[in-house]
Each structure stands twice: as C-alpha cells, then as structure tokens.
Amino acid sequence: MTSNQKALRGRAISFSGNPFERPPAECLVHHEDALILVEDGRITAFGPYADLAATLPPGVEPVHYPDAILTAGFIDTHVHYPQLEMIGAYGAQLLEWLETYTFVTEQRFADRAHADRVAGHFLRELLRAGTTTAMVYCTVHPQSVEAFFAESERFNTRMIAGKVLMDRHAPPALLDTAQRGYDESKALIARWHGRGRQHYCVTPRFAPTSTEAQLDAAGALLREHDAVFMQTHLCENLAEVAWVRELFPERSSYLDTYDHAGLVGQRSMFGHAIHMHEADFHRCHEAGAALAFCPTSNLFLGSGLFQLFDAMDPARPVRVGLGTDVGGGTSLSQLQSLNEAYKVVAMSGRKLDAVRAFYLATLGGARALYLDDRLGRLAPGYDADIAVLDPKGTPLLDFRTRHCDTLEELLFVLMTLGDDRAVRATYVAGECVYDRSRAGDPFRYPARV
Ligand code: GUN
Ligand code: ZN
C-alpha cells in the first residue's frame, strides 16, 4: 500500500444519468454495502463490497460506516461567504435588505484579518453540512478573495469564487470602477485560477450595481481567460426587475443586460431566476447558461417561487443547480435547501422526489458548473469528495427512519428532517476533513483564529 490509498465502506448512492430526463429509478445507483477505493484524491473503484473486496490493496483497511449513506459531497451553486455574519436578518425584501444589512456587513471585509476569520468559519460550516464545492461571492475587496481561496487551499476543497464588481448604487466604500474592477479581477485570476482546486469566477453583483462599462469589462475578462466562471443575480425580486428596466431601457429584458455584455454562456450561473419569461429560459438553454435555485432565500426574502419544472422543460432544458444563498438563505445545509425546494415545487402542483432532489444537490450542480466530469458522482475517475450522511443524526430522524421501507423514503425523510446534524463526516479529495465524532476539533485543520 502507498499512504495515498484509502477505502470507505458503507451503503452508498450515486447517479448514472439525469433523472429529470430519464426515469429517476434508472438514474440512481445504489449499493447496500459499497466499497469506494481512493488513490491520490480520486476514486479508482466504486461498487458492491462483495465484488471489490478482493481488489483492496494489501494493508488498506476500509473505514466502515455501517449505518450511514455515502454520497458525493453536496454542491452549493450560489452563496455569499461574507454574509454568514448576517444570516437571518429580520424584516426586509431584497433591495432594503441589501441597504440595511448586506452593504453594512460587507464593508468590514476591507480588513484582511476579518475576512480570514469569516472565511474560516464559513468553510467549516460548509464542510459540517457535507458541502464540498461551492460557487461563492466574496466582497468588492480583493483581500476578501485572498482570504477565501487561502482557506480553501488549506482544506484542498474545489471552490469557485470571485471579487464582487460594483461601480454604482452602493456605499462609496464598496465601489470600484470598471477599470479597477477589471484590473483587480485580472490579478486575482492570474494568482488563483487553476491553482490546485481553485477556480476564479467573474462576479458582477447584479445589473443595478454595475454600469454598462463594468458589465462590458466583465465580458472582456471572460473572453480573455480560459474556463473562468461568471456569477450574478437575475430576476430575483419584482422591484429589482422594475429597477433594471428603468436603468437599461434599451435592453429587451433583464437577462439581455448581461447577454449584451457577453455574460450569458457556458459556466455562467444566474442566481434566483424567479421572474423569468419563456424567452429567457430559451436563451439560457441555447447558451448553456445555468440557474441557481435558492429556495430558503427566495422564501426568506419573500422573492417568489422558482419554477423548477419550467426551467427543466425537456423541450429546452436549462441547467439548474441548488444554492443556499446565505445570508439571504437561512441554512448552509443543502438538505435544508431540498426541504424548502420540495415545498416550493409543491406550490406549483408538482412534486420533487428524493432521487431528483439528491441529483440537484450533487451531479445536477456539477453539470450546471460544467464540472460533471470530475464532481457529483461516486465513480472511477471522480474526485473523492464524499459526504457521510447519518440517518439517525437527530433523535427524531432516528425515530422516523425506523419506519422507512424504501431507499427513496429514507432519502426523502433525510432531506425533510436533516441538516448538518445528519452529516457524520466529510471527505475532500480523499481526506477526512470533518469528523463529527473526532475528539476536540472535528476539523482536520484548526481555525487560524
Ligand atoms: N442581489 C444583489 N446582491 C444580492 C445579494 O447579496 N443577495 C441576494 N439574495 N440577492 C442579491
Ligand atoms: Zn445571492
């Protein structure tokens, strides 16, 4: 054996296809007793223990999780790490919430030490929730990006993040200019994009806080760099949509403000996308752009109900990932996002079954990010980013899951009642970076502060 070989054993789920396009049962891979072999951070084999046990390298003893469910780590396609400090802020819809809470909180990230502290907390909370990859907004300050990627690099997590671009309609301390935002983003791309498992994301906050010149500069950044990502907000709130119409009277839609600047394409992620027209979905489908469904946030801020099955219409399916959108969202747990997603979908008379739900939180997110060749599945060649779920994680889960007859029912109860307490351990590139039962600090790397 070499020290970079490992094995995990337990009940496991994964996906072999998209359950929004094919019958869900055909897409779910399930082994009652699975073995996952890992070498150098990648999965080398995944299948029934009985079939694979003989291939275990000598000296490699599987870590056995007999009562757990192993899954690919969760993927959060829309979240703001600086807003962890203001999660659960009372009483406002989007635009007032931004002024009252968000823009106040984000000013503190001019201080690198502060950014380091919050990035440390944020990353640990993600891992505690079983999330191993996220697409993350930092603040307008380049040091907020440095702090985030530095912490991510320590844990070796695959993260996508970027400096917020804002050159109008925000407090002066949070504004850059089109040129400065471009220059600072370019320098951050040079420093971080493709370094280890870090990816850069060009991040115009949303059309109201960027001039057309800044949106154009963001488009130039995308054209000039290979495989960088783009994230922004779209059609979240009716007052916001009306404001964009006033600010960009010459554009045919909110989406068109971004499209005109070259921001709608593969690796573009639009957060919320609630108040969409058919033409918008059609354009996203055609361009290969993705939408982030952020149910806890959309409900908390009173923004509206994302039309998941409209977005996924097989006639012109749009890629959709699941986002927590903390601090607009109320939990970093993707199980809690799924709990609320089920209710949002139910309001439109449809049902989100557990197989589709877990797909959204794993392989669906990876597909939305064009990372589905390496993330989102338990399969040979995939990164060994794994969440170990505990169906007995709370007394109520323990009690309730005794009455589950099928795997689908068990997964559904997990997503309805589960949160970070239903995560027993989290593996990143094959390393156990979080273990709830570890004495002292459950995280592999101690907090810096
Ligand atoms: N729109 C522009 N900025 C934000 C933000 O920080 N959070 C949410 N939910 N929507 C936004
Ligand atoms: Zn957001």
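To keep things clear, this report deals only with the structure shown in the data block. (Residues numbered from 1 in each chain as written. Chains lettered and ligands numbered in written order. Predicted model: local features only at pLDDT ≥ 70, side-chain atom pairs only at ≥ 80, totals over all residues. Heavy atoms only, no water.)

Considerations on the nonpolar core
Judged by nonpolar contacts, the single largest core of 133 residues is most densely connected at Tyr81, Phe148, Tyr258, Leu291, Leu308 and Phe358. Top element by residues in this core is helix H14 (residues 354-368). It accounts for 10 residues. Residue contacts for Leu308: discarding those within four places in its chain leaves Phe20, Phe293, Val320, Val345, Leu352 and Leu360. Core analysis: the second largest hydrophobic core is formed by 20 residues, Ile36, Ile43, Ala72 and Tyr382 among them. (Core = buried A, V, L, I, M, F, W, Y, C linked by side-chain atoms within 4.5 Å. Buried < 20%, exposed > 50% of the residue type's maximum accessible area, 1.4 Å probe, protein only. Helix = DSSP H or I, 4+ residues; strand = E, 2+ residues; numbered from the N terminus. Contact = heavy atoms within 4.5 Å.)

What about the state of the cysteines?
All told, the structure shown has 0 disulfides when counted by the stated rule. Cys201 forms no disulfide, and the closest cysteine sulfur to it belongs to Cys138, at a distance of 9.4 Å. No disulfide involves Cys235; its nearest neighbouring cysteine sulfur is the one of Cys284, lying 9.0 Å away. Here Cys235 falls in the buried class, since its relative accessible area comes to 3%. (Disulfide = S-S within 2.5 Å.)

Comments concerning the coordination of the zinc ion (ligand 2)
At the metal site, the zinc ion (ligand 2) is ligated by His78 (NE2), His80 (NE2), His233 (NE2) and Asp325 (OD), and these contacts range over 2.0 to 2.3 Å. Bound by 4 donor atoms, the zinc ion (ligand 2) shows angles of 88 to 166° at the metal and therefore irregular coordination geometry. Here the donor residues for the zinc ion (ligand 2) map to a single chain with the spacing H-x1-H-x152-H-x91-D. His80 shares its class with His78; the two are buried. (Donors = N, O, S within 2.8 Å, 3.2 Å for Na, K, Ca; no water. Tetrahedral: all angles 85-135°; square planar, octahedral: opposite > 155°, others 65-115°.)

A word on the site of ligand 1
Near ligand 1 you find His80, Gln83, Leu94, Trp97, Leu98, Arg205, Phe206, His233, Glu236, His272 and Asp325, and these make up its full shell. The separation between a nitrogen atom of ligand 1 and a polar side-chain atom of His233 is 3.5 Å. Between ligand 1 and His272 there is a distance of 3.5 Å, counted from a nitrogen atom to a side-chain nitrogen or oxygen. Within the complex, 100% of the 280 Å² of free accessible area of ligand 1 lies under protein. Its atoms largely coinciding with the cavity grid, ligand 1 occupies the largest cavity. Residue contributions to the shell around ligand 1 peak at 3 residues, all from helix H3 (residues 94-107). Of the residues in the shell around ligand 1, the class split is 4 nonpolar, 4 polar and 3 charged. (Near = heavy atom within 4 Å. Polar contact = N/O pair within 3.5 Å; in protein donor to acceptor, adjacent residues only side chain to side chain. Areas by Shrake-Rupley, 256 points an atom, 1.4 Å probe, with all protein chains shown as cover. 1 Å grid on protein atoms, 1.4 Å probe; cavity = no way out; pocket = protein on both sides within 12 Å on 5 of 7 lines; lining within 4 Å. Sits in = over half its atoms within 2 Å of the grid points. Nonpolar A, V, L, I, M, F, W, Y, C, P; charged D, E, K, R; others polar.)

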